[in-house]
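# Coordinate analysis (summary)
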Amino acid sequence: MKLRWGVISPQDWGLPVAGAVSEEPIEGLGVSPAELERRARANTYQWLPGQFDEREGAFHGHYNAVKKRLDTFHTVNLIAPWQCMAAYDRYGDERLLRMALRAADWFYEHFVVSHPMSVVVGGVRDTVRREELWTKYAAEHAILNVGVYRRSDEERFLQRAKQSAGFLIQSRRHGYAPRYDQASSEWMKRGWQSFGRAVEAFLDLYQVTKDNLWLKQAVAWGEYGLTLQAPDGGFYLLDGEYYNSDIAADELRALGFLYELTGREVFLQAARRFADWHLERQREDGAWPVNIDQDGNVIADVVGPGDMPNIAIALLRLHHLTHEEAYWQAALRAFSYSLSKQAVPESDHPYLDDPRVLWGFWSWDPYYDYTLSADQSTHHVRGMMFLLDYLALR
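Below you will find a few notes about this structure. (Residues numbered from 1 in each chain as written. Predicted model: local features only at pLDDT ≥ 70, side-chain atom pairs only at ≥ 80, totals over all residues. Heavy atoms only, no water.)

Broken down by element type, the chain carries twelve helices and ten strands. A compact globule built from 394 residues should have a C-alpha radius of gyration of about 21 Å, and the chain, at 19 Å, falls within 12% of that. Along the first, second and third principal axes, the C-alpha set of the chain runs to 55 × 50 × 40 Å. The contacts in the chain between residues at least 6 apart in sequence include a share of 65% that link residues at least 24 apart. Surface accessibility of the chain: about 15,400 Å² in total, with carbon and sulfur atoms responsible for 48%. Each charge class in the chain can be summarised by its mean position, and for the 42 positive and 54 negative side chains these summaries are 4 Å apart. (Helix = DSSP H or I, 4+ residues; strand = E, 2+ residues; numbered from the N terminus. Rg over C-alpha atoms; globule rule 2.2 N^0.38 Å. Contact = heavy atoms within 4.5 Å. Areas by Shrake-Rupley, 256 points an atom, 1.4 Å probe, with all protein chains shown as cover. Lys, Arg positive; Asp, Glu negative; His and termini not counted. Charge placed at Lys NZ, Arg CZ, Asp CG, Glu CD.)

Reading across from one edge, 5-6-7 is the order of the three strands in this open sheet, with antiparallel pairing throughout. The open sheet is flanked by strand 5 (132-134) and strand 7 (186-188), the only strands paired with a single partner. The mean angle between the axes of side-by-side strands here comes to 25 degrees, regardless of whether they run parallel or antiparallel. Relative to strand 7, strand 6 (residues 179-181) runs antiparallel, the two sharing three bridges. When the bridges of strand 7 are listed, D181 appears paired with E186. (Pairing = 2+ DSSP bridges. Axes fitted to C-alpha atoms, helices over the stretch in contact; angles between N-to-C directions.)

In space, the three strands of this open sheet follow the order 4-3-10, with antiparallel pairing throughout. The open sheet has two edge strands, strand 4 (69-70) and strand 10 (371-372), and neither has a second partner. Taken together, the two bridges between strand 3 (residues 63-64) and strand 10 define a ladder with antiparallel strand orientation. By the bridge assignment for strand 10, Y63 is matched with L372.

A separate point is helix 12 (residues 374-393). Over its 20 residues, helix 12 runs 28 Å from end to end, which matches the ideal 28 Å to within 8%, given 1.5 Å per residue. For helix 12, the tally of buried residues reaches 16 of 20 residues, placing the bulk of the element in the interior. (Expected span 1.5 Å × (residues − 1). Buried < 20%, exposed > 50% of the residue type's maximum accessible area, 1.4 Å probe, protein only.)

Time to look at the pattern of salt bridges. For the structure shown, the criterion picks out 31 salt bridges. E154 is paired through a salt bridge with R156; the nearest N and O atoms lie 2.3 Å apart. R283 is paired through a salt bridge with D301; the nearest N and O atoms lie 3.0 Å apart. Of this pair, R283 sits in the loop between helix 9 (265-281) and strand 9 (291-293) while D301 sits in the loop between strand 9 and helix 10 (307-322); the two residues are 18 residues apart in sequence, bridging distant segments of the chain. You can call D301 exposed: its relative accessible area is 58%. When salt bridges that share partners are traced, they join K136, E140, R197, E200, D246, D250 and R253 into one network. (Salt bridge = Lys/Arg side-chain N within 4 Å of Asp/Glu carboxyl O.)

Note that N310 resides in helix 10. Taking the relative accessible area as the measure of exposure, N310 reaches 3% and is therefore buried. Excluding residues that lie within four positions of it along the chain, N310 makes contacts with A249, D250, R253, H379 and R382.

Before going further, it helps to spend a moment on the nonpolar core. Counting residues in hydrophobic clusters, the biggest one holds 139 residues, and the most contacted among them are L29, L36, F59, F202, Y243 and L315. What F202 contacts, discounting residues up to four positions off in sequence, is A165, L168, I169, W214, Q217, A218 and W221. (Core = buried A, V, L, I, M, F, W, Y, C linked by side-chain atoms within 4.5 Å.)

Moving on to the environment of V146. Residue placement: V146 occurs in helix 4 (residues 135-152). Exposure remark for V146: the relative accessible area of 1% places this residue in the buried category. Separated by 56 residues in the primary sequence, V146 and F202 have C-alpha atoms spaced 10.0 Å apart. If we skip the residues at most four places from it in the chain, V146 touches A161, D204, L205 and V208.

Attention shifts here to the packing of helix 5 (residues 155-173) against helix 6 (residues 195-209). Helix 6 packs onto helix 5 with a crossing angle of 135 degrees between their chain directions and a minimal axis gap of 11 Å. One way to sum up the angle between helix 5 and helix 6 is to call them oblique. Of the two elements, helix 5 crosses helix 6, and the hand of that crossing is left-handed. Contacts from L158, A161, K162, A165, L168 and I169 in helix 5 reach A198, A201, F202, L205, V208 and T209 in helix 6. (Parallel < 35°, antiparallel > 145°, perpendicular 65-115°, else oblique. Left-handed = near helix turned anticlockwise from the far one by under 90°.)

What follows is the structure, encoded as structure tokens:
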């Protein structure tokens, strides 16, 4: 089966929704399809609404279980709506789509440069350094809005995606700069260089518009990404010297997409090298550390749990391309790790008596600040959905 490109939902790949009724555990995972479906539903319908403020029309940044306090509203609203859209594709629940639309509208109003006179229109502000506009966020904003547009057919979302894609074009003109400082009107060379998210954003726009401008931009960003791959196969894209698990899935996924689109072996080879880099460094529990430097040093023995299912989704796509069993097994180990971080009833996780904790996913391993956030749950729950629907294909 030839799959489409996409990030948000297995239905973006063209996969049909699988009927997850089997109670027989999946080999290598130890959890049944029916149990995965129950967990995904419980998080989406019992936990996620508690993170959304109906009055504000936005998701809180996180919930702190120790302080029993919800955070303010910020960039979590770039990613959290992906879960709503994936669940809408699966369950057909219009309430979930409305939640995604409201969060996207809120984010545009509060974080995106929208003045038509601005040369950086479509840029997205950082939560902490508000004067900085990040290419990583602009790409995510484009992906979010194409996703909402495809499901709602409301034109404003497509226009917003094009605005942020325009910001990515300006970044490319300035050496693929990862940040722009509005205070000094300067493009900055150091930061989060997420070429993969830019590729995904442009490919999303190409699919809905059929405009070759976006296709050319995707390929150009991918070719730039090839120049960043280290001799060991890794991508050290944080300040040009650190691997970070937050953006790893996008690089891996984007390289595979570009191979499928262009047939150029160089993209597939790069994807395989990066996947093999991950396989060599996967921990016994199926996870990868947040940060690793170019010399192979783990900066801290800490995991960002939500990154693990996102990387696993990328490995599923590469498995589909190559039929390499090692990628399937590595994905299963990462999914198994993901499931272990969900606060399910009768587990050994703390604060299970708190309804804002139950069925959620912890932000850090070890727990660190005991927070749970919707931009973590989106990767875990989408991971379950991708796995269920890919299993049916396999």
